Amino acid sequence: MNSTLLVELFTEELPPKALQTLGNAFAELLSKTLRDEGHLANNSVVEGFASPRRLACRISNVAATSPEKKIQERLLPVKIGLDTNGQPTPPLQKKLDSLGLGAIGVDQLETISDGKQDVLHISRMQAGKALEDSLNKALEVATTKLPIPKVMSYQRPDGSTVHFVRPAHRLVCLHGDKVVRAQVLGLESDRITLGHRFLSQGVLNIANAESYETQLETEGKVIASFEKRKAAIVKALNDQATGYKVVQPEELIDEVCALVEWPVVYEAGFEKEFLEVPQECLILTMQANQKYFAITDQNGKMKNRFLLVSNLLTPTPELITSGNERVLRARLADAKFFFDQDRKKTLESRLPGLANVVYHNKLGTQKDRNSRLVELAAALAPVCGASVEQAKRAALLCKADLLTDMVGEFPELQGNMGEHYAHHDGEQADVAQAIADHYSPRFAGDQLPRNPVGLAVALADKLETLVGIYSIGLIPTGDKDPFALRRHALGVIRMVIEKNLKLDLIDALNKASSLFNAYPDFKHSVEGIASFILDRLRGYLKDQGYSTAEVESVLSQNPSQFADLPKRLEAVRAFSQLPESQALAAANKRITNILKKTEVSNTDVNASLLQVEAEKALAAQVKEVEPHATQAFEQGDYQKALLVLAPLKANVDAFFENVMVMDNNEALKNNRLALLKHMHGLMNRVADISQLAA
């Protein structure tokens, strides 16, 4: 009989940051094992549930007994299993007896080759498996393979030791309205669970698998579904903050959702004097320490109100809000103290202290690094359209806020606090902005620096990190990238392309590399770093919607300037849509292969050595097309530079059909190779179009 299956593991409070992952994995592992055992239908629906004290899974259309199935079992090689008369040998008979198939005749066996020898097989029907057996197996798999951040060891009442994410106290296993006998973590299955710790009374007797979610909500005051609970929190936050905006980062909502079973939102407040502190400090204090949600007006200016998500519905909410206000007041007072103390010293006065902060034991201190950033930012400023002096000033001060109390308490605010303190110190506005923006982009999709000075310092910071860390051998491997070199490389790519900077990557890397000459462990690795950045560039361009062939056509030439790559790619895409493109791409590939095998130093074509009509026609057309292609290329009109080549198709086809390139006459051969090389250079200035060949 097919019914809905429910499995719930009731535990002590689970780690909030891992709850959603644990819930998803529990449902996935359970359902996968049951599917592999044959209990699930094609239309079975799997639902996962996760609340602070439970992991659960509900699956529809689960068979009480899996269907019998035909299996093919390997027995013995023919030469061992059968004698010369084709009769079973004692080893084969023993094998069949062990399988309970002693009465099977030789004619019921199949001979199948495994590629090396013929092997005897027997096909038979395997009886279906009981859900009880399969569920016990599934529970064992789910609890042992769960991605637990840190395993606990605890003792059961019987004295046995159990290893799990948190102590587990109850196990519910229902198939329809029937309890499925199962054991795991020292627990025996039944239909009893618990609801909300304070809002429900006594145990909940789950009637059947279908009623689980409803019973928990109505009788137990628990919203079991993580997603439904999260949606309820978001709705309650927005309803409570009518007319205002709620600062609700996804990760904070997820964490709060993992802390409550019956979310209730309350509003509270704090003294206006704390609004003198930069609001990012206040918001971070609320989020990191207390899991509160800040409120802003429609323009993003913070109000002296906040929202908290409680796990308790009460007729006297003031008891909850007043306690939370008291706790937050102490936190905000600390933030205000840090802010006031930090402003008593200028950023510049903190610079000597950077000599006491180790950047990396092979690359010196933060003060040493600051000196490198100043020099590199000055070199990059003209490319970014920035003032050299402002770039040097911003680079000089950009790490000073690392020594402030506020950044010491909240490292996430580095750069942001530097901007606030720079304004307080009277620094120029562009310099202050650049101090904050030199970390940008901090993550995928983050905004780029707001002004040219910020661009220069951000590029310097990322290139210096890439060169320094990569060149002491700390190259990212697998998912390990402790110095975020991949993010830095992508940041460089985005700034150069999206801000259209005429930056020569190799020149910039060589400049950065030269700043490390005093360090004995540093090995100049410009080629390797450039290749590393190009790999990130491939991913970036593909994410913009370009095909692999299109991307490789421009990157196979190892460009050191990226700003015009989107224009080149659009030109390649337009060219590839021409009816002549495939033939020209294939011809270009053929020319590439010919030139690889023969060293050709000359591209000057001697007209007097052109003998065959096809080569004369091609040479004449190349000469005619070249000025137009060159003019378009030099003007940056890459589409035209490629499109004017399309008419070459007919003469290129005729050339390869009628002309023997590798002629026995050395002069003729070299002249034809020169023509091909000349045309090859003309065709591949924008991109290597041979990459487009199907």
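Bear in mind the structure is a predicted one, so any value in this text is a computation, not a measurement.

### Notes on unusual backbone geometry
Stage number 1. With an omega of -10°, the peptide bond between Ser 440 and Pro 441 qualifies as cis.
Stage number 2. Along the chain, Pro 441 turns up in the loop between helix 15 (429-437) and helix 16 (452-470).
Stage number 3. Unlike most non-glycine residues, Leu 185 shows phi in positive territory, near 55°.
Stage number 4. Within the secondary structure layout, Leu 185 lies in the loop between strand 11 (183-184) and strand 12 (187-190).
Stage number 5. Positive phi outside glycine occurs at Asn 500, with the angle close to 55°.
Stage number 6. Classification of Asn 500 by relative accessible area gives partly exposed; the value is 44%.

### Topic: the sheet that holds strand 17 (residues 293-296)
Picture the strands of a sheet paired through backbone hydrogen bonds; they go either parallel or antiparallel.
Stage number 1. Strand order in the open sheet made by the 4 strands is 15-17-18-16, with antiparallel pairing throughout. Two strands bound the open sheet, and with one partner strand each, they are strand 15 (245-246) and strand 16 (264-269).
Stage number 2. Bridge count for strand 15 against strand 17 is 2 bridges, and the pairing is antiparallel. In the strand pairing of strand 17, Val 246 is matched with Ile 295.
Stage number 3. Packing against the sheet, helix 6 (residues 226-240) makes contact with strand 15, strand 16, strand 17 and strand 18 (302-310), and its axis sits at approximately 35° to strand 16.

### Examining the nonpolar core
A general tendency of soluble globular proteins is for nonpolar side chains to be buried together.
Stage number 1. Counting residues in hydrophobic clusters, the biggest one holds 141 residues, and the most contacted among them are Met 406, Leu 509, Ile 533, Leu 537, Leu 541 and Phe 562.
Stage number 2. The residues contacting Leu 509, other than those within four sequence positions of it, are Leu 463, Val 467, Val 526, Ile 529, Ala 530 and Ile 533.
Stage number 3. Membership of the second largest hydrophobic core comes to 54 residues, among which are Leu 22, Ala 168, Ala 241 and Val 309.

### Quick word on the sheet that holds strand 6 (residues 118-126)
Stage number 1. The strand order 4-6-5 describes an open sheet built from 3 strands, whose pairing is antiparallel. Each of the sheet's edge strands pairs with one partner strand only, and the pair in question is strand 4 (69-77) and strand 5 (110-113). The average angle at which neighbouring strand axes cross in this sheet is 40°, direction not considered.
Stage number 2. Alignment of strand 4 against strand 6, held across 7 bridges, turns out to be antiparallel.

### Structural notes on the pairing of strand 6
Stage number 1. As paired elements, strand 5 and strand 6 share 4 bridges and run antiparallel to each other. Along strand 6, the bridge assignment pairs Glu 110 with His 121.
Stage number 2. Here strand 5 hands over to strand 6 after 4 residues, with Gly 115 in that stretch at a positive phi of 100°.

### Examining the packing of aromatic side chains
Stage number 1. For the coordinates displayed, the defined rule picks out 9 aromatic pairs.
Stage number 2. Taken together, the aromatic side chains of Phe 516, Tyr 519 and Phe 522 make up a single cluster linked through ring pairs.
Stage number 3. In this arrangement the basic side chain of Arg 685 is found over the ring face of Phe 633, its NZ or CZ atom lying 5.2 Å from the centre.

### Side note on the packing of helix 11 (residues 366-384) against helix 12 (residues 388-397)
Stage number 1. In the contact formed by helix 11 and helix 12, the axes pass within 8 Å of each other and the chain directions differ by 155°. Judged on the interaxial angle alone, helix 12 and helix 11 are roughly antiparallel. Every pair of crossing elements has a handedness; the one defined by helix 11 and helix 12 is right-handed. Here Asn 370, Leu 373, Val 374, Ala 377, Ala 378, Ala 381 and Pro 382 of helix 11 come into contact with helix 12, specifically with Val 388, Ala 391, Lys 392, Ala 395 and Leu 396.
Stage number 2. The residue makeup of the contact of helix 11 with helix 12, split by class, is 10 nonpolar, 1 polar and 1 charged.

### Things to note about helix 15
Stage number 1. Among all positions of helix 15, only Val 431, Ala 432, Ala 434, Ile 435, Ala 436 and Asp 437 are buried.
Stage number 2. Contacts made by the buried residues of helix 15 are with helix 10 (347-350), helix 12, helix 14 (416-425) and helix 16.

### Details of the environment of Asp 401
Stage number 1. Relative to the helices and strands, Asp 401 is located in the loop between helix 12 and helix 13 (405-409).
Stage number 2. Residues Asp 401 and Gln 414, spaced 13 residues apart in sequence, show a C-alpha to C-alpha distance of 6.4 Å.
Stage number 3. Excluding residues that lie within four positions of it along the chain, Asp 401 makes contacts with Leu 347, Val 407, Leu 413, Gln 414, Gly 415, Asn 416, Met 417 and Gly 418.

The rules we used
Residues numbered from 1 in each chain as written. Predicted model: local features only at pLDDT ≥ 70, side-chain atom pairs only at ≥ 80, totals over all residues. Heavy atoms only, no water. Helix = DSSP H or I, 4+ residues; strand = E, 2+ residues; numbered from the N terminus. Buried < 20%, exposed > 50% of the residue type's maximum accessible area, 1.4 Å probe, protein only. Pairing = 2+ DSSP bridges. Contact = heavy atoms within 4.5 Å. Axes fitted to C-alpha atoms, helices over the stretch in contact; angles between N-to-C directions. Core = buried A, V, L, I, M, F, W, Y, C linked by side-chain atoms within 4.5 Å. Phe/Tyr/Trp six-rings, centres within 6.5 Å; stacked < 30°, edge-to-face > 60°. Lys NZ or Arg CZ within 6 Å of the ring centre and 35° of its normal. Parallel < 35°, antiparallel > 145°, perpendicular 65-115°, else oblique. Left-handed = near helix turned anticlockwise from the far one by under 90°. Nonpolar A, V, L, I, M, F, W, Y, C, P; charged D, E, K, R; others polar.

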